[in-house]
Amino acid sequence: MIRLFVPGDSAAVAVGADKVARALAGEAARRGLPAEIVRTGSRGLAWLEPLVEVETPGGRIAYGPVAPGDVAALFDADLARGGAHALRIGPPEAHPWLAAQTRITFARCGVVDPASLSDYRAHGGFEGLARARGLGPAKTIEAVTASGLRGRGGAGFPAGVKWKTVADAPGDSKYIVCNADEGDSGTFADRMILEGDPFVLIEGMAIAGLAVGARKGFVYSRSEYPHANRAFQRALDLVHADGELGAFDIELRVGAGAYVCGEETSLLESLEGKRGQVRAKPPLPAHRGLFGRPTVVNNVLTLATAPWILTHGGEAYAALGTGRSRGTQPIQLAGNVKHPGLYEAPFGLTLGRIVMAIGGGTASGRPVRAVQCGGPLGAYFPVALFDTVYDYEAFAARDGLIGHGGVVVFDDTVDMAVQARFAFEFCALESCGKCTPCRIGSVRGVETIQKVIDGVDVTANLELVEDLCHTLKFGSLCALGGFTPYPVMSAITHFPEDFRAPDTRLGDIRPPQGGEQGLE
Amino acid sequence: METFEPWSPARAEQIIAPHLSREGALLPILSALQETFGCVPREAVALVAHALNVSRAEVHGVVTFYHDFREAPHGRRVVKLCRAESCQAMGAETAARFLLAALGLPTDAPWGGTTPDGAVTVEAVYCLGLCAVSPAALVDGEPLGRLDGMALAEAVGA
Ligand SMILES: Cc1cc2nc3c(=O)[nH]c(=O)nc-3n(C[C@H](O)[C@H](O)[C@H](O)COP(=O)(O)O)c2cc1C
Ligand code: SF4
Ligand code: FES
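Remember, predicted model here, so these are calculated numbers, not experimental data.

Caption draft 1: Fine view of helix α2 (residues 26-37) of chain B. All names here are of chain B. For α2, with 12 residues, the first-to-last C-alpha span of 16 Å sits near the 16 Å given by 1.5 Å per residue. In terms of burial, α2 is largely enclosed, as 10 of its 12 residues are buried. For α2, the complete set of buried residues consists of Leu26, Leu27, Pro28, Ile29, Leu30, Ala32, Leu33, Gln34, Thr36 and Phe37. Directly beyond the C-terminal end of α2, a positive phi value near 80° is found at Gly38.

Caption draft 2: Seen up close, the packing of helix α7 (residues 137-147) of chain A against helix α8 (residues 159-168) of chain A. Residue and element names in this part refer to chain A. At a minimum axis separation of 7 Å, α7 and α8 run at an interaxial angle of 155°. The angle between α7 and α8 falls in the class roughly antiparallel. Side by side, α7 and α8 meet where Ile141, Val144 and Thr145 of the first sit next to Ala159, Gly160, Val161, Trp163, Lys164 and Ala167 of the second. Looking at the contact of α7 with α8 residue by residue, the classes come out as 6 nonpolar, 2 polar and 1 charged.

Caption draft 3: Looking closely at the sheet that holds strand β5 (residues 142-144) of chain B. Residue and element names in this part refer to chain B. Pairing in this open sheet of 5 strands is mixed, and the strands run β2-β3-β1-β4-β5 from one edge to the other. Pairing within the sheet leaves two strands with one partner each, and these edge strands are β2 (113-114) and β5. Two elements, strand β4 (residues 137-139) and β5, share 3 bridges in a ladder whose sense is antiparallel. Considered in β5, the bridge of Val139 is made with Glu142. Against the sheet, helix α6 (residues 92-103) touches β1 (77-82) and β3 (120-125), its axis set at about 160° to β3.

Caption draft 4: Seen up close, the packing of aromatic side chains. Residues and elements named next belong to chain A. Counted according to the given criterion, the structure contains 20 aromatic pairs over all chains. Ring geometry for Tyr120 and Phe126: centres 5.0 Å apart, planes at 85°, overall edge-to-face. Each member of the pair, Tyr120 together with Phe126, is buried. Seen in terms of ring centroids, Tyr259 and Phe426 are 4.9 Å apart; in terms of plane orientation they differ by 70°. Their pairing is edge-to-face. Separated by 167 residues along the polypeptide, Tyr259 in the loop between β8 (249-254) and α12 (264-271) and Phe426 in helix α17 (residues 416-430) bring together distant segments of the chain. On the basis of relative accessible area, Tyr259 is assigned to the buried category, the value being 16%. Each residue in the set Phe347, Phe381, Tyr390, Tyr392 and Phe395 is aromatic and connected to the rest through ring pairs, giving one cluster. The lysine or arginine in question, Arg60, covers the ring of Phe5, its NZ or CZ lying 3.5 Å from the ring centre.

Caption draft 5: Quick look at helix α21 (residues 485-494) of chain A. All names here are of chain A. Across the 10 residues of α21, 8 count as buried, placing the element largely inside the fold. Turning to α21, its buried residues number three or more, namely Pro485, Tyr486, Pro487, Val488, Met489, Ser490, Ala491 and Ile492. Its buried side turned inward, α21 meets β14 (368-373), β15 (380-382), α17, α18 (436-454), α19 (458-475) and α20 (479-483).

Caption draft 6: Quick look at the site of ligand 2. By nearness alone, 13 residues border ligand 2, and A:Cys432, A:Lys434, A:Cys435, A:Cys438 and A:Cys478 come closest of all. Considered class by class, the residues forming the shell around ligand 2 number 8 nonpolar, 4 polar and 1 charged.

Caption draft 7: The interface of chain B and chain A, seen in detail. Contact residues are listed per partner, giving 39 residues for chain B and 67 residues for chain A. Of all residues in chain B, B:Glu23, B:Phe65 and B:Glu85 give up the largest surface area on contact with chain A, accounting jointly for 16% of the area buried on that side. For A:Glu251, the salt bridge identified is with B:Arg22, shortest N-O distance 2.7 Å. Counting across the chain B and chain A interface gives 23 residue pairs in polar contact (both at pLDDT 80 or more). Of all the secondary structure elements, the ones that give two or more residues to the side of chain B that touches chain A are α2, α4 (56-65), α5 (85-89), α6 and β5 of chain B. Across the side of chain B that touches chain A, the residue classes break down as 20 nonpolar, 11 polar and 8 charged.

Caption draft 8: Geometry of the confidence of the model for chain B. All names here are of chain B. Scored by pLDDT, chain B has a mean of 94; 99% of the residues are at 70 or more. Mean pLDDT across the secondary structure elements of chain B bottoms out at helix α7 (residues 149-155), with 93, and peaks at α5, with 98. Overall fold confidence (pTM) sits at 0.96, and the ipTM for the predicted complex is 0.97.

Caption draft 9: Seen up close, the site of ligand 1. Residue and element names in this part refer to chain A. For ligand 1, the set of nearby residues contains 20 residues, the closest of which are Gly153, Asn179, Asn298, Asn299 and Thr302. A distance of 2.8 Å separates an oxygen atom of ligand 1 from a polar side-chain atom of Asn298. Within the side chain of Thr302, one N or O atom sits 2.7 Å away from an oxygen atom of ligand 1. Looking at the shell around ligand 1, the elements that each hand over two or more residues are β9 (295-299) and α20. Counting residues per element, the shell around ligand 1 draws most heavily on β9, at 3 residues. Considering only residue class, the shell around ligand 1 consists of 5 nonpolar, 9 polar and 6 charged.

Caption draft 10: Layout of the environment of A:Ala420. Residue and element names in this part refer to chain A. Looking at where Ala420 falls in the secondary structure, it is placed in helix α17. Considering only alpha carbons, one finds Ala420 and Ile449, 29 residues apart in sequence, at a separation of 7.5 Å. Those residues in contact with Ala420 that sit more than four places away from it in its chain are Ile449, Val488, Ala491 and Phe499.

Caption draft 11: Fine view of the pattern of salt bridges. Inspection of the entire model under this criterion finds 43 salt bridges over all chains. The salt bridge partner of A:Glu263 is A:Lys281, with a shortest N-O separation of 4.0 Å. Separated by 18 residues along the polypeptide, A:Glu263 in the loop between β8 and α12 and A:Lys281 in the loop between α12 and β9 bring together distant segments of the chain. A salt bridge links A:Asp498 to A:Arg369, with the shortest nitrogen-to-oxygen separation between them at 3.0 Å. Of this pair, A:Asp498 sits in the segment after α21 while A:Arg369 sits in strand β14; the two residues are 129 residues apart in sequence, bridging distant segments of the chain. The exposure classification of A:Asp498 matches that of A:Arg369, with both residues buried. Linked by salt bridges that have partners in common, A:Lys216, A:Asp249, A:Glu251, A:Arg253 and B:Arg22 make up one network.

Caption draft 12: Spotlight on the packing of helix α6 (residues 127-135) of chain A against helix α10 (residues 198-212) of chain A. Residues and elements named next belong to chain A. Between α6 and α10, the shortest axis-to-axis distance is 9 Å and the interhelical angle comes to 10°. Classified by the interaxial angle, the pair formed by α6 and α10 is roughly parallel. Contacts between α6 and α10 involve Glu127, Gly128, Leu129, Ala132 and Arg133 from the first element and Glu203, Ala206, Ile207 and Leu210 from the second.

Caption draft 13: Region of interest: the environment of A:Leu24. Residue and element names in this part refer to chain A. As for its position among the elements, Leu24 is in helix α2 (residues 17-30). Distance in space between the C-alpha atoms of Leu24 and Ala35 is 8.7 Å, their sequence separation being 11 residues. Ignoring sequence-local partners within four residues, the contact set of Leu24 consists of Leu4, Val6, Ile37, Val52, Val71, Phe75 and Leu79.

Caption draft 14: Quick look at unusual backbone geometry. Residues and elements named next belong to chain A. Each neighbour pair has its own omega, and for Glu49 with Pro50 the value is -5°, a cis peptide bond. Structurally, Pro50 can be placed in the loop between β2 (35-40) and β3 (52-56). Following Pro282, the chain continues to Pro283 via a peptide bond in cis, the omega torsion being 0°. Its place among the elements puts Pro283 in the loop between α12 and β9. Although it is not a glycine, Asp78 sits at a positive phi angle of roughly 65°. Within the secondary structure, Asp78 sits in the loop between α3 (71-76) and β5 (88-90). Residue classification places Asp78 among the partly exposed residues on the basis of a relative accessible area of 32%. For Phe291, which is not a glycine, the phi torsion comes out positive at approximately 50°.

Quick notes on the rules
Residues take numbers from 1 onward in each chain, read along the sequence in its written order. Naming scheme: in the order in which they are written, chains are lettered from A and ligands are numbered from 1. Side-chain atom pairs in this predicted model are given and counted only at pLDDT of 80 or more, local residue features only at pLDDT of at least 70, and totals for whole chains, interfaces and linings cover all residues. Computation of side-chain values covers all heavy atoms of the structure but excludes hydrogens and water. Secondary structure is summarised from DSSP: a helix means a run of H or I of at least four residues, a strand means a run of E of at least two, and numbering begins at the N terminus for each. Multiplying 1.5 Å by the residue count of a helix minus one yields the expected span of that helix. The buried label goes to any residue with under 20% of its type's maximum accessible area, the exposed label to any with over 50%, and the partly exposed label to all in between, with areas taken from a 1.4 Å probe on protein chains only. Comment: axis = line fitted to C-alpha atoms, over the contacting stretch for helices; angle = value between 0 and 180 degrees taken between N-to-C directions. An angle counts as roughly parallel when it lies under 35 degrees, as roughly antiparallel when it exceeds 145, as roughly perpendicular when it falls between 65 and 115, and as oblique in every other case. In what follows, residue pairs with any heavy atoms lying within 4.5 Å of each other are defined as contacts. Here the nonpolar group is Ala, Val, Leu, Ile, Met, Phe, Trp, Tyr, Cys and Pro; Asp, Glu, Lys and Arg are the charged ones; every other residue, Gly included, is treated as polar. Think of it this way: DSSP has to see at least two bridges between two strands before they count as a pair. Stacked, edge-to-face and tilted are the three classes for Phe, Tyr and Trp ring pairs, Trp counted by its six-membered ring, which pair at centre distances within 6.5 Å; planes under 30 degrees apart are stacked, over 60 edge-to-face, the rest tilted. Should the NZ of a Lys or the CZ of an Arg lie within 6 Å of a ring centre and within 35 degrees of the ring normal, that charge is described as sitting over the ring. Neighbouring residues are identified by heavy atoms, a residue being near a molecule or strand if any of them is within 4 Å of it. Buried area adds together the accessible area that both of two parts lose upon being put together, with accessible area traced by a 1.4 Å probe. By definition, a salt bridge exists where a carboxyl oxygen of Asp or Glu is found within 4 Å of a side-chain nitrogen of Lys or Arg. Pairing of N or O atoms within 3.5 Å defines a polar contact, subject to two protein rules: one partner must be a possible hydrogen donor and the other a possible acceptor, and residues neighboring in sequence count only if both atoms are side-chain atoms. The predictor rates its confidence in each residue with pLDDT, a number between 0 and 100.

Structure representation (structure tokens):
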């Protein structure tokens, strides 16, 4: 029996993993070799997808990127024993990109069968929950507080403090809400967990439920993730049938295409079946959240890290990282980068190291020009700021944000005025409509940047953009309006040459493909 | 390729019923209706409002708030093409223009749409979580990555 592992992760499927899995099964059958094909999550080395692994007595051996047409040759090369082939990578754990990581939240992703509870248990699954049951609510919260774990959804609020607030809040019923709305462009870590290690999220939610006294959890995912939603629902069904969670119940809900529903109060409105409009705070969701009850709202990664913390202790997690950013961050490398994928490492790398050493520079081979960190509301960093340390405070000090951990690389064909205009376009498109600066100001922003691009009253219009950004920053209820100034102003500040009258704009002397990078 | 049932109030009632006991049932109901009928037709609004004992205005407000809900079904094939930053950085816009031109759909606002023969709908989406294999799209719900214009056109037979 030959055991093969092919990712069922949607990014791997997007580049042919299903076809490869079918080809492997077909070829094995043709050769009369009994074969089992396990559909794992992704290891996160996206440029090597589809990555095929085979179980050998010496451990797994990886090959990639495998196309269906390579399969016969792989069998000829004695794939079953990990034989030599041009696509052979060797033991995946020994691949430098993986070996240099500190996999905590993603320890099992790409390794285990996400549709097998026994595989999950064999890899330490539910140990954290068992530990939490032994410790009781107060000590469980203490462990999370001691870990220094901060919310991975963007705002970086200490998870332990949030849990304690909900635990202390009076209420006949309480809720755990997992924010799986992952709308930030350039991010996919939540999706990878939903598809590759869904039980760890379920376990994390059960731990949170135990800690604060909640019996019901909701996972709010997005309709753009059909694959992940199927994978997660399958995992939920398995857990519910298994009975591991006892009285704690989890339900998957899927949004309907609204970026703003990632904002926690908008998400709660949406869960209640309403328009996803942002609520004014206070009251905090921790006091009055879903259906007016005390509610923990945490990102997928925050909750999925809790089991490790309970198993290994808060101190072990806190021992990693830098400054007030403790533990690891699953960094998501994307855009025009040679080695895109998921890289989990303790906080403290420099941005330059992430983009150049880990990411390998651009995929196009052209020079890196800009890096957008933290999703569509995050700042564009120029190469000159590559010494910025990857931690919440260091990024904030440079008018940027880590957000959910997205790092999107652009080469020198990017037109930063087009990117700034897109930031306003996105804000206009996704505004919940509650605040005038966000709803109207964003549309003005698009028009005004367009004037700059057209070379109309450039200086005056740039001043107008700055005023608009100021109004947005201080006149918005949430970060959709409030942070749109980050991408806009960082583009203007760090790439002023793209905001000049047309005849002096760098964009016009660059090769013709330059103008096609952004949106019209 | 998805096929949808023609609108039927009786069928709609059937779809709505099992959700009525759920907390915050409106969104799951609307999604389920759209899954069956390919859209949330105007007639459905009154039906849902009645079933949940809320006003029609409230249901209408929810339907219009979310980008997903549509009043008429989309084409027989649906391309949800990512236009967000990671895909921009990898040439998504060039790929999109190629596809739209091949289908004879507008490349300026309003971007995309459905071909007159109802064969293909092209919609903009903002991130599919497939950024590590940008540019990316969902074609009839199936993820596709490392796309260019040719691959996209091929995927929908344009
Ligand atoms: C416009 C907007 C979109 C957001 N989108 C998300 C999201 O997709 N996922 C997420 O976890 N948090 C998102 N957040 C942050 C949430 O409001 C909230 O801080 C988070 O879910 C709390 O969980 P955490 O403490 O574990 O990060 C968003 C915030 C804003 C303002
Ligand atoms: S800033 Fe924009 S998205 Fe946020 S509450 Fe105001 S209008 Fe809504
Ligand atoms: S930005 Fe296109 S898939 Fe994420």
